[in-house]
Amino acid sequence: MNVAFADISLPLWLVVSQWTLLFALGFLIIVMYRQVGLLEQLKDAGSEREGLAVGEKAPSFDHIPIKQDTNDPLRFEPTERWTLLAFADPECVSCENTVRALERLSPKLRQTMRVLVVTRSQPPQIAASDAFSTASFAISRIRADVSYKVYRTNVTPFGYLIDPQGMIRAKGVIGDEASIRNLVQKGNHVPINVEFIVS
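In this report, we go over the structure that sits alongside the text. This is a predicted model, so every value here is computed, not measured.

**Focus: helix α6 (residues 177–185)**
Those residues of α6 lying buried are S179, I180, R181, L183 and V184. Summarising the contacts, the buried residues of α6 are in contact with β5 (82–87), α2 (93–109), β6 (113–119), β8 (158–162) and β9 (168–173).

**Quick look at the packing of aromatic side chains**
Scanning the entire structure with this criterion turns up seven aromatic pairs. Residues W19 and F23 carry aromatic rings whose centres are separated by 6.1 Å and whose planes lie at 35° to one another, so their mutual orientation is tilted. Here the residue W19 and the residue F23 both occupy positions in helix α1 (residues 12–49), the gap between them amounting to four residues, near one helical turn. According to the relative accessible area criterion, F23 is exposed, its value standing at 59%.

**Side note on the pairing of strand β3 (residues 61–65)**
A regular strand carries its side chains on alternate faces of the sheet. Of all five residues that make up β3, four are buried, and the element is covered over most of its length. When β3 meets strand β7 (residues 138–141), the two strands line up antiparallel, connected through two bridges. Paired with P65 across the bridge in β7 is S140.

**Comments concerning the environment of A144**
With respect to the helices, strands and loops of the structure, A144 is situated in helix α5 (residues 144–150). The partly exposed category is assigned to A144, whose relative accessible area is 34%. Along the primary structure A144 and R120 are separated by 24 residues, whereas in three dimensions their C-alpha atoms are 5.2 Å apart.

Calculation rules
Residues numbered from 1 in each chain as written. Predicted model: local features only at pLDDT ≥ 70, side-chain atom pairs only at ≥ 80, totals over all residues. Heavy atoms only, no water. Buried < 20%, exposed > 50% of the residue type's maximum accessible area, 1.4 Å probe, protein only. Helix = DSSP H or I, 4+ residues; strand = E, 2+ residues; numbered from the N terminus. Contact = heavy atoms within 4.5 Å. Phe/Tyr/Trp six-rings, centres within 6.5 Å; stacked < 30°, edge-to-face > 60°. Pairing = 2+ DSSP bridges.

Set out below in structure tokens:
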């Protein structure tokens, strides 16, 4: 049996298969759209589940500044002043974007807090990254277990805002300038005044 359209005659099986394919593609597009929405929800919820909880005491750890000539570790004590602690690795493109964003924001941030980026990477990987090797703020190497076991952070770039008493006041994925600003300004209860001016 054939189906005729104007001067064109097509077999019925071809017309049915084309419409079936069209409906199947439409269904797949709807399913994919729904999956993207679910992934976005998981990403937002995952940021809250990642790492130490807000309100917990931030642990101390040893770190080695990348611009230090010796391998003698320094002790990070998360007290006495506000701290933006960021976990980032130079092999991660988002982390390089975070370091560049922190470079732009750090003059304003350093007026009210210290900024420390820590990485699990080795010196050759750090040296290969322009963003990491030329940063004007503190970047240090840490043992891998500091991020995995001590801070329970598997995702990078990830940041913590720590108050002068050493308590975690905010946390989250900080993949760009907007997310860093959001982390610093998160919650009206945080008594710090950091105004950002877009130039």
